[in-house]
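# Chain and residue survey
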Amino acid sequence: MKEQKEWFTGIDYYHNYKEKEIQIDQFVITKPIDLHAHIQVELWYVFDGVAKMEINGKVYQIKKHTYLCLYSHHLYRVYDIEKPLHVIVIKFFIGLFMNMMWEKHEAGRHAELVYQTYPLIDGECDTRIRNLFESIYLEKQRKEFGAYNMMIYEVLELHMLYCRYALRDLQHIVKKDIWYVIQQVIVSPSSMYPIEDVAKELGYHPNYLNKKIKDLTGMTFFDLKQFAKILNACALLHFEELDISYIIDQLGCSSTASFYRMFHKYTGMSPLQYQQCKIFDTKDCYHGQELFLQIIQYIFLHFPSSITIEDCAKTLHIKVHTISKLLEDYESSFTKLLEDIRLLCARTLLEATDIPIIMIAMDCGFGSTTTFQRAFIKKKNCTPSEYRKKYKNV
């Protein structure tokens, strides 16, 4: 619940949460756009103009009424602009429609939609498409009451129209080529075969395939697999209830230490820092649908500091008794949750780093090494030193 001057509302904890950000821009493209990578879904509607767009190595003619849906695995560039492109571009994170719009279908249907459909359709197939682009843009300009929610509803409808017509146009399975290999590495890096097997399937020599992949991406096959693991890790980190060790297992990383090294290489920060800086808004990020999730998130963001249940209650604008009663229902308490989260972070640092134990104790919010040792032994039945010796670089 969030305070708004003299009154309260229970619907504002999504405020400023990045998964619900929507950007809308209208502009004219007169110059070529170099090869472009992006992390958000981009919906384009061409109101006028003629040009070519290369998407994952395939060339498409872009003209009036073209409707594009570009997911994060679509690398694109625009060139040969015969007539300036007048476009509206809407950008949002894929979680927006994953959480709010997808229906249940047979296994593989959604993957087919995202990875095997054409990235563009003829917008003239349905007059609602152009009307929705215009309406969303006007909602942004007018900023009337309810405009933000209206934009969300209309973007969801707009994307669903693309899904409907793109699946209708899908007539054959994507031919396996080098771009297909790159796409599959990014989508499922843990399940890819060695480059020798992939090359054999395509009829190429492994060295040739490796060179072509590097020419297209700037990375070797091995580096691309590492990069893909980190891309997928960044996506999984949006789900704060997932343990780091679970993410590492899902991605098929050889060890916790190697995962942390890879993550820092590509992002310049640790997974926890990435969550705090890139996913959750550090000013106003209590976004869960349940109060319990808001409490957990507060502890995750502040556990290195000396925090109390009173601090949490003040930040969430609720009573201390409300927190205590809720946590009793979960057979827990604020103190226990805080200690568990601190120990979780400490175990990760013991496994993945050579940081002295006394510094780990301080960084994780324990007042002293004695307190840390006592809590750790109670939880794991061994000392931090014994735990590190057993699990580091396993």
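The following refers to the structure shown. Keep in mind the model is a prediction, meaning the values are calculated, not measured.

Attention now moves to the overall build of the protein. Looking only at helices and strands, one finds 18 helices and nine strands in the protein. Within the protein, the fraction of its 394 residues that count as buried is 45%. A fraction of 69% describes how many contacts in the protein between residues 6 or more apart in sequence connect residues 24 or more apart. Accessible surface computed for the protein: about 21600 Å², of which carbon and sulfur atoms make up 52%.

A word on a nonpolar patch on the surface. Together, Ile358, Met359 and Met362 make up an exposed nonpolar region whose accessible area comes to about 290 Å². For Met359, the location among the structural elements is in helix 16 (residues 357–363). Given the relative accessible area of 44%, Met359 is considered partly exposed.

So, on to the packing of helix 6 (residues 195–202) against helix 7 (residues 206–217). When two helices pack together, their arrangement is given by the angle between the helix axes and by the axis-to-axis distance. Across the interface, helix 6 lies against helix 7 with an axial gap of 8 Å and an inter-helix angle of 95 degrees. What the angle tells us is that helix 6 and helix 7 run roughly perpendicular. Along the contact surface, helix 6 presents Ile195, Glu196, Val198, Ala199 and Leu202, while helix 7 presents Pro206, Leu209 and Asn210.

Moving on, we get to the pattern of salt bridges. For the structure on display, the rule yields nine salt bridges. For Asp48, the salt bridge identified is with Lys83, shortest N-O distance 3.3 Å. Taken as a pair, Asp48 in strand 5 (residues 41–55) and Lys83 in strand 8 (residues 76–92) lie far apart in primary sequence, 35 residues in all. On the accessibility criterion, Asp48 (27% relative accessible area) is partly exposed. Judged by its relative accessible area of 39%, Lys83 is partly exposed. For Asp215, the salt bridge identified is with Lys211, shortest N-O distance 3.1 Å. Of this pair, Asp215 and Lys211 both sit in helix 7, four residues apart, which is roughly one turn of that helix. When sorted by exposure, Asp215 lands in the same class as Lys211, which is exposed. If you follow the salt bridges from partner to partner, you end up with Lys336, Asp340 and Lys379 in one network.

What follows deals with unusual backbone geometry. In this structure, His317 is a non-glycine residue whose phi angle is positive, near 60 degrees. With respect to the element layout, His317 can be found in the loop between helix 13 (309–316) and helix 14 (320–329). On the basis of relative accessibility, which here comes to 34%, the residue His317 falls in the partly exposed class. Unlike most non-glycine residues, Asn381 shows phi in positive territory, near 60 degrees.

So, about the environment of Ala352. Relative to the assigned elements, Ala352 resides in helix 15 (residues 334–352). Taking the relative accessible area as the measure of exposure, Ala352 reaches 14% and is therefore buried. As a C-alpha pair, Ala352 and Tyr391 span 39 residues in sequence and 9.0 Å in three-dimensional space. In contact with Ala352, not counting residues within four places along its chain, are Thr256, Ala257 and Tyr260.

Moving on, we come to the side chain of Thr66. Looking at the element boundaries, Thr66 is found in strand 7 (residues 66–70). Since its relative accessible area comes to 6%, Thr66 is described here as buried. At a separation of 2.9 Å, a polar atom in the side chain of Thr66 contacts the main-chain carbonyl oxygen of Lys63. When sequence neighbours within four positions are dropped, the list of residues in contact with Thr66 reads Trp44, Tyr45, Val46, Gln61, Leu120 and Ile121.

Time to look at the nonpolar core. If you look at soluble globular proteins, the nonpolar side chains tend to sit buried side by side. Judged by nonpolar contacts, the single largest core of 34 residues is most densely connected at Ile295, Ile299, Ile323, Phe334 and Phe372. Elements supplying a minimum of two residues to this core: helix 12 (291–302), helix 13, helix 14, helix 15, helix 16 and helix 17 (369–380). In terms of residue count, helix 15 provides more of this core than any other element does, nine residues in total. Sequence-distant contacts of Phe372, that is, excluding residues within four places in its chain, are made with Leu343, Ala346, Ile357, Ile360, Ala361, Phe366 and Pro384. If you look at the next biggest cluster of nonpolar residues, it comprises 32 residues, including Val41, Phe47, Ile121 and Ile152.

With that settled, the discussion passes to the packing of helix 10 (residues 256–267) against helix 15. Remark: helix 10 packs on helix 15, axes separated minimally by 8 Å, with the N-to-C direction vectors making an angle of 95 degrees. Taken together, the axes of helix 10 and helix 15 lie roughly perpendicular to each other. For the pair helix 10 and helix 15, contact is made by Thr256, Ala257 and Tyr260 and by Thr348, Glu351 and Ala352, respectively. When the residues that make up the contact of helix 10 with helix 15 are grouped by side-chain class, the tally is three nonpolar, two polar and one charged.

Enumeration over the complete set of coordinates arrives at zero disulfides. There is no disulfide at Cys163, and the cysteine sulfur nearest it, in Cys69, is 6.6 Å away. Assessed through its relative accessible area of 3%, Cys163 is described here as buried.

A word on the environment of Ala235. In this structure, Ala235 sits in helix 8 (residues 221–236). Here the alpha-carbon distance between Ala235 and Ile279, two residues 44 residues apart in the chain, equals 9.5 Å.

Helix length check: helix 10, at 12 residues, gives a terminal C-alpha distance of 16 Å against a target of 16 Å (1.5 Å per residue), a fit within 8%. What helix 10 keeps buried is the set Thr256, Ala257, Ser258, Phe259, Tyr260, Met262 and Phe263. If you follow the buried residues of helix 10, they end up packed against helix 8, helix 9 (244–251), helix 11 (271–279) and helix 15. Phi turns positive one or two residues past the end of helix 10, at Gly268, with a value near 75 degrees.

Parameters and conventions
- Residues numbered from 1 in each chain as written.
- Predicted model: local features only at pLDDT ≥ 70, side-chain atom pairs only at ≥ 80, totals over all residues.
- Heavy atoms only, no water.
- Helix = DSSP H or I, 4+ residues; strand = E, 2+ residues; numbered from the N terminus.
- Buried < 20%, exposed > 50% of the residue type's maximum accessible area, 1.4 Å probe, protein only.
- Contact = heavy atoms within 4.5 Å.
- Areas by Shrake-Rupley, 256 points an atom, 1.4 Å probe, with all protein chains shown as cover.
- Patch = residues over 30% accessible without salt bridge, like charges linked within 9 Å, V, L, I, M, F, W, Y side chains within 5 Å.
- Salt bridge = Lys/Arg side-chain N within 4 Å of Asp/Glu carboxyl O.
- Axes fitted to C-alpha atoms, helices over the stretch in contact; angles between N-to-C directions.
- Parallel < 35°, antiparallel > 145°, perpendicular 65-115°, else oblique.
- Polar contact = N/O pair within 3.5 Å; in protein donor to acceptor, adjacent residues only side chain to side chain.
- Core = buried A, V, L, I, M, F, W, Y, C linked by side-chain atoms within 4.5 Å.
- Nonpolar A, V, L, I, M, F, W, Y, C, P; charged D, E, K, R; others polar.
- Disulfide = S-S within 2.5 Å.
- Expected span 1.5 Å × (residues − 1).

In short, the description is geometric, and any link to function would need to be established separately.
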